[in-house]
Every structure is written in structure tokens, then in C-alpha cells.
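Topology and contacts: notes
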Amino acid sequence: MKYINDKTPKNIVTLLKISLTLLYFSSKPHYAVVNDTVEISKDFKKEKLVNAVLRNILRNTNKIKYEKNIYPNFKKVLDKIFSSKSIRDYIYETLFIKPKNYQISLIDNKDALYSKRVLILEKKINKKCFVQDIGNFEVINSIYKFYKDKNLIDVCAAPGGKSILLQSLGFNVFAIDKSQNQINKFEENLSRLNIKINIQKIDFLKKKFTDKFNSILLDAPCSALGTFRRNPDVTVKIDPSQIKKHQKTQIQMLEKSLKMLNNGGFLVYIVCSFHPFETIDVIDKIIQKHKNVKIHSIETDKMIKRQNGYFINPLSFKDIGGSDIFFVSVLEKI
Ligand SMILES: C[S@@+](CC[C@H](N)C(=O)[O-])C[C@H]1O[C@@H](n2cnc3c(N)ncnc32)[C@H](O)[C@@H]1O
């Protein structure tokens, strides 16, 4: 962007890039994008600069090389996964509008607005509840019945949303994660909820496991592109070479999980991304190489099937506040 220089604060550059993404991809009127961005920039006392830059951009829209300043594949990859016009219209009409915050109850709750467990988060979290996106809840809700053995290892577990939900559904979870920071958050959640889960600081890719398992959850590290509504900055900080790196790690983690799985055991792969590299392509590569893997169909009206996995349908929770996009695939070792 020639309108800014090296001295422009990083958060203002990110804000401007988010604004450019909206100008380029969303169906929101340009003046509204500019007004909203200027409003946010007041928090950083940079409203004059942001206003001047954006007005300048609008005067020169034909000359701006948007692709140079934003993630140009954002729309391309989204459109590849969501071919339905109504889904795309909804995504681009509501681009970067934050989904409502939800709280998930550890026990069935008569006031739940979805699936006996999901409640809207008002000002305070209820005592026996934890905060989670409804899409995050739904991926577990739709797959947990595949696991026949309730002793489950969650190999990328912190800060613990999925482990806690699984434990509340009757599982005995052994949780591992390599990040102490994330584990600290997990432990805070456990102590607030007054529940116990065995969580250990382990690098899953380095540790040699002697035991085998029947139930494995792999909620792998990823670009987090599927959280773009909640965290618009993921779309401007994305770097295609980083996505390739994620893919490599995701495949290594899947292969290690398969080694640790008993025949007849189930491995569930989840990422909060819609990028093909991290989702359908990963599963494709796994099943091409490992002929002893069977992919299972999920019974769901909240997700859309693409090749060997399912994506949360952004329209599913539209009327109760929206959701992030997750990908899930259920693998059985045969
Ligand atoms: C998507 S997050 C998991 C979120 C968690 N399952 C939940 O529902 O709250 C991915 C996690 O993988 C962890 N991670 C990344 N590489 C790892 C490795 N080699 N071994 C173990 N954990 C790893 C990260 O620290 C991060 O906490």
C-alpha cells in the first residue's frame, strides 16, 4: 500500500488490510466499510490517517492492486468448498460479522437453544458451562458415537474445549499438548469447572508411545482460516507457504495416530479451516497411501460433505448467531 509507510503501526496495517478484504470481497457498501473501519481506528487514535487512506483508496479503486495487499485466494478457496449460491451470498453479506458467543453446558439444560447443551453467552458464564463456538460443539456432537471405546486420547488437546465436551459425554480422556501456555489455559478451565482430566505436556510427534488406542482425536494445528468471522486478521496474515507447512504436520500427525490405533479403532481428524490443503487434500493423501483406512459417512444436516470429509454449513446456525467453519473426517483402521 503506497499510502502508508514503515512507521505505520502494525495493527493499523492489519486493520487496513481487513478493510481492503471487505472492500474487495464482501457485498457491504463501500461507505459502510470505511465508516466502520474509521470507527474502530478511534480506539488507536489513528482515525484521521485511516480515513485519509481509505478515502484515497476509494478514489482510486481501479488502480489499486488488491491482490498484492490481501490474501487473494480467500474467495477462491471458499468458493471451491461452498458451491451453493445461498451459502456464498450469506458468507459475503455477513463477512467479518462475529458469530454470537455460546456457552456449552456440561449437563443437559432445559433452557438450551440447541442440542440440550448450547446456550447463548450473556454477560457471565454459568457455573457448569464453558465457552465454545457452536461449530466446534457440532463437530464433536456429530462424531462421538463412532467411538466404541470410551478411553480416548486427545493428542492436540489444549485449551481443552473438545476434551471437556467429550468427558461430559461420558469419555475418559487422556489429553496431551506440547504448549505449556495452552495447557495453563486448559488447567484454568478445569479448575473453574471443578473437573479433572489427565493432561500432560508432550510433543505428540516426538513421544514414543508403547500403548495402542481404540479412540483417537486429532484436532490438528492449522491456519485457523475457518474462524475468519471471529478473527478477520487470519485472512490477512495468511501465508500460502505456511499452509503447506501445516499440511505436512497434519499428515505426520495422522500417520502417527494411525500407527497408534488398533485395528477396528477410530481416529477423528478436525481442523478449523476450509482450505483444501488442510482438509480434503490431507485426507486424500492419507487414503491413497494407507489402504487399511476406511472413511465413514456422518449422519448430519448441519454439515456439507466434500470428498472424504464434512464442513460445517455456515447456514446451519445462521438464525441463532452463526458459527465458525470446521472440517471433520472419521477414519477407521481396518
Ligand atoms: C486447534 S488447537 C487444539 C484445540 C483443542 N483441541 C480444543 O478443542 O480446545 C491445536 C493444538 O495443538 C497443539 N500442538 C501443536 N503441535 C503439537 C505437537 N507436536 N504435539 C502436541 N500438541 C501440539 C497446539 O499447542 C494447540 O494447542
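Computed from a predicted structure; not experimentally measured.

**Structural notes on the sheet that holds strand E3 (residues 129–131)**
If you walk across this open sheet you meet the 3 strands as E2-E1-E3, and the pairing is antiparallel. Looking along the sheet, the strands with just one partner apiece sit at the ends: strand E2 (118–120) and E3. Strand-to-strand twist in this sheet, taken as the mean axis angle between neighbours without regard to direction, amounts to 35 degrees. Note that strand E1 (residues 102–105) and E3 share 3 bridges and pair antiparallel. When the bridges of E3 are listed, Ser105 appears paired with Cys129.

**Describing the site of the ligand**
Looking at the ligand, there are 17 residues lining it, with Cys156, Gly161, Ser179, Phe204 and Asp219 nearest. Those elements giving two or more residues to the shell around the ligand turn out to be helix H8 (161–168) and strand E5 (172–177). Its residues assigned to classes, the shell around the ligand comprises 8 nonpolar, 4 polar and 5 charged.

**Let's talk about the pairing of strand E12 (residues 327–333)**
Counting buried positions along E12 yields 6 of 7 residues, so the element is predominantly enclosed. Sheet topology places strand E8 (residues 261–271) next to E12; 6 bridges connect them, and they run antiparallel. Along E12, the bridge assignment pairs Val268 with Val330. Strand direction decides the pairing type here: strand E9 (residues 293–296) and E12, joined by 4 bridges, are antiparallel. Bridging from a neighbouring strand, Lys294 pairs with Glu332 of E12.

**Overview of the domain arrangement of the chain**
According to the domain assignment, the chain consists of domain 1 (1–70) and domain 2 (102–333). Here the C-alpha centroids of domain 1 and domain 2 sit 34 Å apart. If you look at the interface, domain 1 gives 5 residues, while domain 2 gives 4 residues. Looking at the side of domain 1 that touches domain 2 residue by residue, the class counts come to 2 nonpolar, 2 polar and 1 charged.

**Comments concerning the environment of Ile64**
Mapped onto the elements, Ile64 comes out in the loop between helix H3 (47–59) and helix H4 (66–69). For Ile64, a count of 19 C-beta atoms within 10 Å corresponds to the partly exposed category. Taking the C-alpha atoms as reference points, Ile64 and Leu20, separated by 44 residues in sequence, lie 10.0 Å from one another.

**Overview of the packing of helix H7 (residues 134–143) against H8**
Their axes nearest at 10 Å, the elements H7 and H8 cross at an angle of 45 degrees. Here H7 is positioned oblique relative to H8, judged by the angle of their axes. As for the relative orientation of H7 and H8, their crossing is right-handed in sense. Residues Asn136, Phe137 and Ile140 of H7 pack against Gly161, Lys162, Leu165 and Leu166 of H8.

**A closer look at unusual backbone geometry**
Trans is the prevailing form of peptide bonds, just as negative phi is the prevailing case for residues other than glycine. Omega for the bond connecting Ala158 with Pro159 falls within 30 degrees of zero, at 5 degrees, which places this linkage in the cis form. Even without a glycine there, the phi angle at Asn194 is positive, about 60 degrees. With respect to the element layout, Asn194 can be found in the loop between helix H9 (180–193) and strand E6 (198–201). A positive phi angle, near 50 degrees, is found at Gln307, a position not held by glycine. Position of Gln307 relative to the elements: it lies in the loop between strand E10 (303–306) and strand E11 (309–312).

Criteria and thresholds
- Residues numbered from 1 in each chain as written.
- Predicted model: local features only at pLDDT ≥ 70, side-chain atom pairs only at ≥ 80, totals over all residues.
- Pairing = 2+ DSSP bridges.
- Helix = DSSP H or I, 4+ residues; strand = E, 2+ residues; numbered from the N terminus.
- Axes fitted to C-alpha atoms, helices over the stretch in contact; angles between N-to-C directions.
- Near = placed C-beta within 6 Å.
- Nonpolar A, V, L, I, M, F, W, Y, C, P; charged D, E, K, R; others polar.
- Buried ≥ 20, exposed ≤ 12 C-beta atoms within 10 Å, placed from the backbone.
- Domains from an automatic or database assignment.
- Contact = placed C-beta atoms within 7 Å.
- Parallel < 35°, antiparallel > 145°, perpendicular 65-115°, else oblique.
- Left-handed = near helix turned anticlockwise from the far one by under 90°.

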